[in-house]
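As a plain string of letters, each chain reads:
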Amino acid sequence: QRALADRFAGAYGSSAFARLLALKVTNLIVARHHFEHRHTDLASRPVQLMLDPANNCHLSCPGCVHTANPERSGQYDWPGGLLSPSIYAEFLRRLGPFGFGAVFYNYGEPLLNKQTPAMIRSAKNYLLHTCISTNFSLPIDAGALIDCGLNFIFLSIDGATQPTYEKFRRGGDLELCLDNVRRVLEARRRLGTGPPFVLWRYLTFEHNLHEVEPAMALARELGVDQFSVTTPFAVDWDDPRVRAARSPLEGTYDGHANCFIET
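Residues numbered from 1 in each chain as written. Predicted model: local features only at pLDDT ≥ 70, side-chain atom pairs only at ≥ 80, totals over all residues. Heavy atoms only, no water.

J.: Mind showing me how you'd approach the nonpolar core here?
T.: Across soluble globular proteins, nonpolar side chains have a tendency to be buried as a group. Phe104 and Trp200 are the most contacted members of the largest nonpolar core, which totals 53 residues. Counting only elements with at least two residues in this core, the list comes to α4 (85-95), α5 (116-124), α6 (142-147), β4 (152-156), α8 (174-191), β5 (197-203), α9 (212-222) and β6 (226-230). In terms of residue count, α8 provides more of this core than any other element does, seven residues in total. Not counting residues up to four positions away in its chain, the partners in contact with Trp200 are Leu155, Ile157, Gly159, Leu178, Ala215, Leu218, Ala219, Leu222, Val224, Gln226, Phe227 and Ser228. Of all hydrophobic cores here, the second largest spans six residues; its members include Val103, Tyr105, Cys131 and Leu199. (Core = buried A, V, L, I, M, F, W, Y, C linked by side-chain atoms within 4.5 Å. Buried < 20%, exposed > 50% of the residue type's maximum accessible area, 1.4 Å probe, protein only. Helix = DSSP H or I, 4+ residues; strand = E, 2+ residues; numbered from the N terminus. Contact = heavy atoms within 4.5 Å.)

Structure follows, in structure tokens:
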């Protein structure tokens, strides 16, 4: 670790940066060693962190713990709440120095927590790559998302018209989503920050297959970086009217070059 730190210091000119990066790389090597040998007692720390800034969601998509189906939602012990700054600070203090990335989402909508941009900014102090996945169907502070150093945004938008979109994204507002996309991309262009990279993920169902291409065209018009056509897990066990389907266009597309990306 010391030898790595000396090399990094020579390459980057910062001893603090070099020591932190050397710690991360050493931890990754140890974690890989544990993985290769199937160890159950670990000396390494997690190399990627996942947390929910909010345990709530204002939508009620079928198949989710936040479903509006009372027969299903009652099966989940999923109390709502927001991640407190003090708990997050201790989490980051313990694990941030060892990791390479922090994923700010799981089963909640991260932007329901107004402290999410501040949390991302704190993660950047530990050299963590940061990303969120959001339905974007809520008021946002576009400037805060750009200024905090966020690296990557996954957008969950599954339609090109409101009637189609809301069949799965229950309670969502497509026009609000699209306006938020415009505002974030405009702020990114205005400030010239580069990140965050924006990927529009389109989950395909029988009811929205016909809007894949219109949505893709809309994404290009907005200036989204990538557009992903993805087959979801089945959710018809929750709502038989919403059935997953595979599109012949399944895959990831470059939003600027208008071409398929091999994945």
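J.: What am I meant to see in α4 here?
T.: Counting along an α-helix, one turn takes 3.6 residues, and residues three or four places apart therefore face a common direction. Every buried residue of α4 is listed here: Tyr88, Leu92 and Leu95. Looking straight down α4, one finds its buried side chains confined to an arc of 85°; they lie on one side. Among the exposed residues of α4, those oriented more than 90 degrees off its buried face are Ser86, Ile87 and Arg94. Of the surrounding secondary structure, the elements contacted by the buried residues of α4 are β1 (48-50) and α5. (Arc of directions from axis to C-beta.)

J.: Where do I start with the packing of aromatic side chains in this structure?
T.: Scanning all chains against the criterion turns up nine aromatic pairs. The interplanar angle of 55° and the centroid separation of 6.2 Å between the aromatic rings of Tyr88 and Phe104 together place this pair among those described as tilted. Placement of the pair is Tyr88 in helix α4 and Phe104 in the loop between β2 (101-103) and α5, with a sequence separation of 16 residues. Ring geometry for Tyr202 versus Phe227: centroids 6.0 Å apart, planes at 40°, classification tilted. Of this pair, Tyr202 sits in strand β5 while Phe227 sits in strand β6, placing them 25 residues apart in sequence. Both residues of the pair, Tyr202 and Phe227, belong to the buried class. Grouping aromatic residues by their ring pairs yields a cluster made of Tyr105, Phe152, Phe154 and Phe197. (Phe/Tyr/Trp six-rings, centres within 6.5 Å; stacked < 30°, edge-to-face > 60°.)

J.: Which parts of the structure should I look at to understand the pattern of salt bridges?
T.: Once their charged atoms are close, side chains differing in charge can pair, the charge on each being opposite to the other. Under the counting rule described, the total for this entry stands at 11 salt bridges. Residue Glu175 is joined to Arg182 by a salt bridge in which the shortest nitrogen-to-oxygen separation is 3.3 Å. Three or more residues joined by partner-sharing salt bridges are found here, namely Glu90, Arg93 and Arg94. (Salt bridge = Lys/Arg side-chain N within 4 Å of Asp/Glu carboxyl O.)

J.: Help me out: how do you make sense of the pairing of strand β3 (residues 129-134) in this one?
T.: Regular strands place their side chains on alternate faces of the sheet. For β3, the buried fraction is high: five of the six residues fall into the buried class. Assessed by its sense of winding, the connection that carries the chain from β2 through α5 to β3 is right-handed. Bridge analysis of β3 against β4 gives four bridges, and the strand direction is parallel. Bridge assignment links Cys131 to a residue of β4, and that residue is Phe152. Following the backbone out of β3, through α6 and into the adjacent parallel β4, one traces a crossover that is right-handed. (Right-handed = clockwise from strand over helix to strand, strands pointing away. Pairing = 2+ DSSP bridges.)

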